[in-house]
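Structure assessment
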Amino acid sequence: MITIYDIAKKTGYSPTTVSKVFNNYSDVRARTRQEILQAAEELGYVPNAHARTLTTKKSWTIGVLFVESSGIGIRHPYFSAVIESFKQVAASKGYVLMFISKDVGGRRSGYLENCKLRGVDGVVVILSDYDDPDLQELLDSNIPCVVIDYDTTQAHAVYSDNIEGSYRAVEYLHSLGHRRIAHITGGMNTFAGAKRETGYTTALKRLKLQPQEAYIVAGAYFSIESGYAAMMKLLELEERPTAMFAAGDHLALGAMIAAKEHGLSLPRDMSIIGYDDIDLAQYLTPALTTIRQDSVRMGSRAAEILIQSIDNDTTSLEAIVLPVELVVRESCIRVEQ
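Residues numbered from 1 in each chain as written. Predicted model: local features only at pLDDT ≥ 70, side-chain atom pairs only at ≥ 80, totals over all residues. Heavy atoms only, no water.

According to the stated counting rule, one finds 14 salt bridges in the structure shown. Between K20 and D27 there is a salt bridge, with the nearest N and O atoms lying 2.9 Å from each other. On the basis of relative accessible area, K20 is assigned to the partly exposed category, the value being 26%. D277 is the salt-bridge partner of R292, the closest N and O atoms lying 2.6 Å from each other. With R292 in strand β12 (residues 289–293) and D277 in the loop between β11 (271–276) and β12, this residue pair connects regions lying 15 residues apart in the sequence. Under the relative-accessibility criterion, D277 is labelled buried at 15%. (Salt bridge = Lys/Arg side-chain N within 4 Å of Asp/Glu carboxyl O. Buried < 20%, exposed > 50% of the residue type's maximum accessible area, 1.4 Å probe, protein only. Helix = DSSP H or I, 4+ residues; strand = E, 2+ residues; numbered from the N terminus.)

If you want it as structure tokens, here you go:
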């Protein structure tokens, strides 16, 4: 069995230096770290997880609390991209991920009890029920936490500038001559949905457009099905909107399906813009104009903040707001004013 002493002998560095590399100490030069890791790979060295835990007093495990209400779960391209980028950064720092729940060995417990039982070093929270007392108990504990796509004073937070993104969407449609602009929301019970609706209404006021209650239709949990149902309501209106902004690309996709089934030609009869810029957006017909949020950056930044908090036991909390970008494709068209 290969040990750190074998690597020390091969490289000429001390066992202490070799140990520091595998325990991610920061006081090791980059060249030294590279040489030791290369030697370890050549020798086929596999670190002993138990010994590493005893040495560092850490489990090298990060809990993932992922509660998503639409039923799509981690298959949703936005969330899968966020979690994947989080995992890549965590893995590069020597951490593994473990999904946590309220179930321990078939017995109902709380998130905090589960985290303590598993000995996780920190937790990333993604799209949970933020009114859940069990979640509040976890956020109030001394376990480092980072929350993605939500703003809180109880933990580190990373989220996109949802209000600015919605404003840009409406402003773009307005620049194309649209004045009857509808909005399919993601639901006021979600942080992103509420902020994006705020961005929509703020844009209407700044652009001096008269808000119409009938033009705001709820699309629960950002699903394709709710986008479809919401568009069917808009199509029943006597004065249809000429453009529609959806709070998520899946909502926009459902709306496009409904519009086409109703005989509309897109974007000639209605311009549609989404939010997220999932991979599928560019392959739709017409290709979807959307607001791109950097899901890769969101996941990686969240991992960096959480690991820094774990390593340094920091008490000051950070709230990172990431910029968004308008991606113009084919689903919006200019109309005569």
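Once that is clear, we can look at the environment of V324. Relative to the helices and strands, V324 is located in strand β14 (residues 324–327). For V324, a relative accessible area of 7% translates into the label buried. On a C-alpha basis, the gap between V324 and R168 in space is 9.3 Å, while along the polypeptide they are 156 residues apart. V324 has contacts with S160, D161, E164, G165, R168, Y275, I291, R292 and Q293, leaving out every residue within four places of it along the chain. (Contact = heavy atoms within 4.5 Å.)

Once that is clear, we can look at the pairing of β11. Of all 6 residues that make up β11, 6 are buried, and the element is covered over most of its length. In the sheet, strand β10 (residues 243–246) pairs with β11 via 3 bridges, with the strands oriented parallel. Directly across from M244, in β11, lies its bridge partner I272. Looking at chain direction, β11 and β12 are connected through 4 bridges and run parallel. (Pairing = 2+ DSSP bridges.)

Further remarks concern unusual backbone geometry. Cis peptide bonds are those with omega within 30 degrees of zero, and the linkage from L266 to P267 qualifies with 5°. Tracing the sequence through the fold places P267 in the loop between α11 (249–261) and β11. That bond from T285 to P286 is cis: its omega, -5°, falls within 30 degrees of zero. Looking at the secondary structure, you find P286 in the loop between β11 and β12. The residue D149 is not glycine, and still its phi comes out positive at about 65°. Tracing the backbone through its elements, the reader meets D149 in the loop between β6 (145–148) and β7 (156–160). Overall, the relative accessible area of 7% leaves D149 in the buried class. For D276, which is not a glycine, the phi torsion comes out positive at approximately 125°. In this fold, D276 is placed in strand β11.

Honestly, that's just the spatial picture; any functional story needs more than this.
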